[in-house]
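These are the residues of each chain, in order.
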Amino acid sequence: MRTALTDLVGVRHPVVQTGMGWVAGPRLVSATARAGALGILASATMTAEQLRTAVREVKSRTDEPFGVNLRADAGDARERVRIIVDEGVKVASFALAPSKDLIAELKDSGVVVIPSIGARRHAEKVAAWGADAVIVQGGEGGGHTGDVATTVLLPQVADAVDIPVIAAGGFHDGRGLVAALAYGAAGIAMGTRFLLTSDSTVPDAVKACYLAAGVKDVTVTTAVDGLPHRMLRTEMVAALENAGRIRALAQAVRRAAGFRRISKIGWSRMVRDGLAMKHGKDLSWSQVLLAANTPMLLKASMVDGRTDLGVMASGQVAGLIEDLPSCAELVERVMEEAYTALGAVSGAMSPSGD
Ligand SMILES: Cc1cc2nc3c(=O)[nH]c(=O)nc-3n(C[C@H](O)[C@H](O)[C@H](O)COP(=O)(O)O)c2cc1C
């Protein structure tokens, strides 16, 4: 299926696997790329050196294009951009709007820039600054999220900008792809659906929690880092919500120290990143500390399999997902379903009904 997205990044199918911290590593990304979709490496939970190694690992497994997701406000964003350029990575994806300079630097080097946004005005801003496309995430999406549903946000953004729009938040099948195309999108991006594949390295016991979840088992909480964060509702989330401010803070400091040890990121960089996160947002200092803590809570589940100690970021769509296909099976199935849905729609519209 050819769309503005497949033309822009050179993939066979208009499907993106999004950058998910601790989840979207070389194995998932290369499996997605080999399946003909765009895989995006999550780098916010890696050091710059780990990012370079991960990029090389993907390149050793596939010649297909792929992307890297990074935080525009990270203290070492420029170093990461250098790695992306040096290693010839096709796409740079951003969790927060990158600066005009950063976009220009990447584009001058031939990298396709695709920020993720959750509001029309952010899409308009990055489009004016030269972004090549945007991923629009509606409120049903996993991880940090907004409160406007994809069905409202997507057409609003598609009408507002001239660059390709990729729809995210709540997609898991080919019907969703066709619906997104009908709204004016150039493709879909999926997080939770790709987490739940046999190629994802998330421990089986954790995948089982997602598979068991119903739609109502996915919640939005600010208790983890002060920002609305969509995840599976667990006893851990309830404990965080019920912990008093002091206890939550003490836990945050302990976990932030753990993340610092594992990620080898110094306190000064963590504080710098925390300050950048605080900048322009109404975050208190305790929220900044809690934010520094989020990677540890995600790692406990996604890497160590400790669902009792960690959190499981998730889209509402987890409630609809019941299997663990490989990325190749998933992408092929989504495309088959999309063609079937297209046939059904045009059949329904034909005057004779056949
Ligand atoms: C486990 C998990 C981790 C995530 N981590 C990140 C991240 O590090 N950076 C980012 O930009 N988005 C992150 N997200 C959001 C996804 O990239 C994506 O936008 C979202 O999952 C789309 O919604 P869906 O889950 O309904 O497909 C994460 C989502 C999940 C489920």
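Above: the structure in question.
Rules used in this analysis
Residues numbered from 1 in each chain as written. Predicted model: local features only at pLDDT ≥ 70, side-chain atom pairs only at ≥ 80, totals over all residues. Heavy atoms only, no water. Pairing = 2+ DSSP bridges. Helix = DSSP H or I, 4+ residues; strand = E, 2+ residues; numbered from the N terminus. Right-handed = clockwise from strand over helix to strand, strands pointing away. Buried < 20%, exposed > 50% of the residue type's maximum accessible area, 1.4 Å probe, protein only. Core = buried A, V, L, I, M, F, W, Y, C linked by side-chain atoms within 4.5 Å. Domains from an automatic or database assignment. Contact = heavy atoms within 4.5 Å. Near = heavy atom within 4 Å. Polar contact = N/O pair within 3.5 Å; in protein donor to acceptor, adjacent residues only side chain to side chain. Areas by Shrake-Rupley, 256 points an atom, 1.4 Å probe, with all protein chains shown as cover. Salt bridge = Lys/Arg side-chain N within 4 Å of Asp/Glu carboxyl O.

Tell me about the pairing of strand β6 (residues 134–137), residues and numbers included.
Across 2 bridges, the pairing between strand β5 (residues 112–117) and β6 is parallel. Within β6, the residue paired with Ile117 across the bridge is Val136. Considered for its hand, the β-α-β crossover made up of β5, helix α6 (residues 120–128) and β6 is right-handed. Bridge analysis of β6 against strand β8 (residues 165–168) gives 4 bridges, and the strand direction is parallel. For Val136, the partnering residue across the bridge sits in β8 and is Ala167.

I'd like to hear about helix α4 (residues 77–86), residue by residue, with values.
Turning to α4, its buried residues are Ala77, Arg80, Val81, Ile83, Ile84 and Val85. Note on α4: the residue one or two positions beyond its end, Gly88, has a positive phi of about 70°.

Any details on the environment of Glu332? Residues and values, ideally.
Relative to the helices and strands, Glu332 resides in helix α15 (residues 327–349). Residue Glu332 is classed as exposed on the basis of its relative accessible area, which comes to 51%. Along the sequence, Glu332 and Ala35 sit 297 residues apart, while their C-alpha atoms lie 7.8 Å from each other.

An account of the nonpolar core is requested, with residue identities and associated values reported.
Membership of the largest hydrophobic core comes to 61 residues, with the highest contact counts inside it found for Val157, Phe194, Tyr210, Met302 and Val311. Take this core: its biggest share by element is 7 residues, from α15. Formed jointly, this core draws a minimum of three residues from each of two domains, domain 1 (4–202 + 321–344) and domain 2 (214–302). With sequence-adjacent residues up to four places away left out, Phe194 is seen in contact with Val15, Val16, Gln17, Met20, Leu28, Thr32, Ser200, Cys327, Leu330 and Val331. Grouped together as the second largest cluster of nonpolar side chains are 25 residues, Ala48, Ala92, Val111 and Val113 included.

Account for the site of the ligand, naming residues and giving values.
Looking at the ligand, there are 20 residues lining it, with Thr18, Gln137, Gly170, Gly191 and Thr192 nearest. Between the ligand and Gly21 there is a distance of 3.1 Å, counted from a nitrogen atom to a backbone nitrogen or oxygen. Note that an oxygen atom of the ligand is positioned 2.8 Å from one of the backbone N or O atoms of Gly170. Isolated, the ligand exposes 600 Å² of accessible area, and the fraction of that covered by the protein chains is 90%.

Hey, could you go over the pairing of β8 for me, with residue numbers and the actual values?
Residues Val165 and Ala167 line one face of β8 and the alternating positions Ile166 and Ala168 line the opposite face, and both faces are buried. Relative to strand β9 (residues 187–190), β8 runs parallel, the two sharing 3 bridges. Along β9, the bridge assignment pairs Ala167 with Ile188. With respect to chirality, the unit in which β8 leads through helix α8 (residues 174–182) into the neighbouring parallel β9 is right-handed.

Account for the side chain of Thr197, with residues named and values stated.
Structurally, Thr197 is set in the loop between α9 (192–195) and α10 (204–212). In contact with Thr197, not counting residues within four places along its chain, are Leu28, Lys207, Leu324, Pro325, Ser326, Cys327 and Leu330.

Quick rundown of the pattern of salt bridges? Include the residues and the values.
One pass over the structure, following the stated rule, counts 18 salt bridges. Residue Glu57 is joined to Arg61 by a salt bridge in which the shortest nitrogen-to-oxygen separation is 2.8 Å. Note that Glu57 and Arg61 are positioned in helix α3 (residues 48–61) at a spacing of 4 residues, about one turn of the helix. On the accessibility criterion, Glu57 (32% relative accessible area) is partly exposed. Taking relative accessible area as the criterion, Arg61 reaches 35% and is therefore assigned partly exposed. With a closest N to O distance of 2.8 Å, Asp173 and Arg175 form a salt bridge. Taking the relative accessible area as the measure of exposure, Asp173 reaches 8% and is therefore buried. The class of Arg175 is exposed, set by a relative accessible area of 56%.

Kindly report on helix α2 (residues 26–34), identifying the contributing residues and their values.
Along α2, 7 of the 9 residues are buried, which leaves the element largely enclosed by surrounding structure. Of the residues making up α2, those classed as buried are Pro26, Leu28, Val29, Ser30, Ala31, Thr32 and Ala33. Elements that come into contact with the buried residues of α2 comprise β1 (15–17), β2 (38–42), α3, α9 and α15. Gly36 sits one or two positions beyond α2 and adopts a positive phi of about 95°.

Describe in detail the sheet that holds strand β10 (residues 218–221), supporting the description with residues and values.
Strand order in the open sheet made by the 3 strands is β7-β11-β10, with antiparallel pairing throughout. The sheet terminates laterally at β7 (143–144) and β10, the two strands that pair on one side only. In this sheet, strand β11 (residues 229–232) lies alongside β10 in antiparallel orientation, the contact comprising 4 bridges. Counted as the bridge partner of Val218 is Leu232 from β11.

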